[in-house]
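Letter by letter, the chains look like this.
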Amino acid sequence: MKVGIMTWFQYHNYGTSLQVTGTYKVLRKYGYEPAVIDYKESGNPIFKHRKGVLKEGFDIIKKRLQDHPYHRYEEKGRKEKFDAFLRENLKFTKPVQLMSELESLNDEFDAFICGSDQIWAPSVFNTHYYLDFVLEDNKKIAYAPSVGLTQIDDENVRHQIKKYASKFSSISTREEQGSRIISEIIGRDVETVIDPTLLLTSKEWNEWASNNYENSAPYLLVYMLGKNERYWKIIEKIAKQLELEIKIIPVFFKDLDRSGCIKEPVGPADFLSLIKNASYVCTDSFHGLAFSINYGKKFCVFERFKTNDRLNQNSRIYNVLNLFQLNSRLVNSNLDNVIFDDINYSRVYEILNLERERSIKYLLDSLEKTEASKRECARNIFQKSQMCCGCGTCKETCPVDAISIKLDEFGFHRAILDESKCI
């Protein structure tokens, strides 16, 4: 059974690269033939307009952002490591961008999975990540996409979510809050499953980890996506009390000036190795937290977003801590517990094994349901291609006069099929 995976992969982010790898490897593990859909969203729209009088202004803004100390760190060697990791571990479709190209994938796959990562975040809403190009609803499976927020205020986005999420044969999200939100919008139960990176054991992840940090002296690993300078003072205090040297995975150019920053390029395989061999991990990243737990590491986690931030995504962290009963690892005014208290990993792994078993069962059951309900008839216009412009060519071509052209609910001409006549 061939399965198309629709998710983010193009961003040089460790969590993004490893979540798609997790989904792909789990599907392979259970005998499916997955491929990642090579769809890349266009870049930041503020820099798309390159003509006319605005060009100079945009160039100035872009340069200022790039020169800012908190501009995202990127360099050629790091990019090459990400691209090589994905190329070596995943199979991709041909590049697709247009709706017609996405719809052509219906001929290649028996099922489609969207997820994980924040592909359902309202701030980056894109209907393609709701599988709007898949012609048969029974082929649509949502595995662990993240909404990221605790509520969706934009009524237009809520309307669009209702339109597209309602069509899934199997639907889940990665966080309890996300499942509650989607359930309220579409009026049906939504499963909550664990991130695909947690579907694989640490032993399985070791297969794709590098060995670059196997023989390092004991160290405290830091992976911080936020910009709160106060947290760095806390990290230094923890490292001092534990008598560990600091290793920093750089995220911003500013990080390159910090003591302990890793200067050589760090790819996804190195990220795995760094967590695997760390004595302690400090992070504000969802996947930094997930891999710390999977590898049984002593760690602490920080809140990346301010509580009153409208786009506060801390709920993703809270969800994982609540699930594994690790709320004490969240940094607050009392550091003693996160520095000196041991983590009861026998209890954590008991929960993780149960959640892993339950989530894999959801995934496999969803795929089996899709296969069982596979349509026997050949593809026809009943699937209502979104590319239909009501030209009437299909009506004139149909040899049994099974097609008519009528106005749809929005007043556009669309092809309508009489299934009783269709051959």
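Keep in mind that this is a model prediction, so the values were computed, not measured.

K.L.:
Describe the pairing of strand 3 (residues 111-114), listing the residues and the values that go with them.
P.N.:
Because side chains alternate across strand 3, one face comprises the buried residues Ala 111 and Ile 113, and the other comprises Phe 112 and Cys 114, equally buried. Sheet analysis places strand 1 (residues 2-6) next to strand 3, joined by four bridges and oriented parallel. Opposite Met 6, over in strand 3, you have Cys 114 as the bridge partner. Looking at chain direction, strand 3 and strand 4 (residues 140-142) are connected through three bridges and run parallel. Bridged to Phe 112 within strand 4 is Lys 140.

K.L.:
Mind laying out the nonpolar core, listing which residues take part and the relevant values?
P.N.:
Looking at soluble globular proteins, one finds that nonpolar side chains tend to be buried together. Counting 71 residues, the largest nonpolar core has Tyr 143, Ile 249, Ile 293, Phe 299, Phe 324 and Leu 367 as its most contacted members. Element by element, the count of residues in this core is highest for helix 13 (residues 345-372), at nine residues. Setting aside its immediate chain neighbours within four residues, Tyr 143 contacts Ile 113, Cys 114, Gly 115, Ser 116, Ser 172, Val 193, Ile 194, Pro 196, Leu 199, Ser 359, Tyr 362 and Leu 363.

K.L.:
Tell me about the sheet that holds strand 3, and please be specific about residues and values.
P.N.:
Spatially, the four strands line up as an open sheet ordered 2-1-3-4, and their pairing is parallel. Lying at the two open borders of the sheet, with one neighbouring strand each, are strand 2 (33-36) and strand 4. Averaged over all adjacent pairs, the angle separating strand axes in this sheet is 25 degrees, with direction ignored. Summarising the sheet, strand 1 and strand 2 pair through four bridges and their orientation is parallel.

K.L.:
An account of the environment of Leu 86 is requested, with residue identities and associated values reported.
P.N.:
Here Leu 86 shows up in helix 3 (residues 76-89). In this structure Leu 86 comes out as buried when scored by relative accessible area, which is 6%. What Leu 86 contacts, discounting residues up to four positions off in sequence, is Phe 9, Ser 17, Val 20, Thr 21 and Phe 92.

K.L.:
An account of helix 11 (residues 315-323) is needed here, citing residue identities and associated values.
P.N.:
For helix 11, the complete set of buried residues consists of Ser 315, Arg 316, Ile 317, Asn 319, Val 320 and Leu 321. In this fold, the buried residues of helix 11 make contact with helix 6 (176-186), helix 10 (286-294) and strand 10 (299-301). Backbone geometry just downstream of helix 11 places Gln 325 in the positive-phi region, at approximately 55 degrees.

K.L.:
Describe the pattern of salt bridges, naming the residues involved and giving the relevant values.
P.N.:
One pass over the structure, following the stated rule, counts 20 salt bridges. With a closest N to O distance of 2.8 Å, Asp 38 and Lys 40 form a salt bridge. Taking the shortest distance from any N to any O, the salt bridge between Glu 191 and Arg 358 comes out at 3.0 Å. Taken together, the positions of Glu 191 in strand 6 (residues 191-192) and Arg 358 in helix 13 put the pair 167 residues apart, joining distant regions of the chain. Residue class for Glu 191 comes out partly exposed when judged on its relative accessible area of 35%.

K.L.:
Run through the sheet that holds strand 9 (residues 280-283), naming residues and quoting values.
P.N.:
Strand order across the open sheet formed by four strands is 8-7-9-10, with parallel pairing between neighbours. Because the sheet does not close on itself, it has two edges, and the strands there are strand 8 (245-248) and strand 10. Strand-to-strand, the axes of this sheet are offset by a mean angle of 20 degrees, without reference to chain direction. With three bridges connecting them, strand 9 and strand 10 associate as parallel partners. Among the inter-strand pairings, Thr 283 is bridged to a residue of strand 10, identified as Val 301.

K.L.:
An account of unusual backbone geometry is needed here, citing residue identities and associated values.
P.N.:
Note the cis peptide between Gly 115 and Ser 116, where omega equals 10 degrees. Its place among the elements puts Ser 116 in the loop between strand 3 and strand 4. With a phi angle near 65 degrees, Asp 117 is a residue other than glycine that sits in the positive phi range. The exposure class assigned to Asp 117 is buried, which follows from its relative accessible area of 6%. Located in the positive-phi region is Gln 325, a residue other than glycine, with phi close to 55 degrees. Relative to the assigned elements, Gln 325 resides in the loop between helix 11 and helix 12 (336-340). With a relative accessible area of 45%, Gln 325 lands in the partly exposed category.

Here is what the cut-offs are and how they apply
- Residues numbered from 1 in each chain as written.
- Predicted model: local features only at pLDDT ≥ 70, side-chain atom pairs only at ≥ 80, totals over all residues.
- Heavy atoms only, no water.
- Buried < 20%, exposed > 50% of the residue type's maximum accessible area, 1.4 Å probe, protein only.
- Helix = DSSP H or I, 4+ residues; strand = E, 2+ residues; numbered from the N terminus.
- Pairing = 2+ DSSP bridges.
- Core = buried A, V, L, I, M, F, W, Y, C linked by side-chain atoms within 4.5 Å.
- Contact = heavy atoms within 4.5 Å.
- Axes fitted to C-alpha atoms, helices over the stretch in contact; angles between N-to-C directions.
- Salt bridge = Lys/Arg side-chain N within 4 Å of Asp/Glu carboxyl O.

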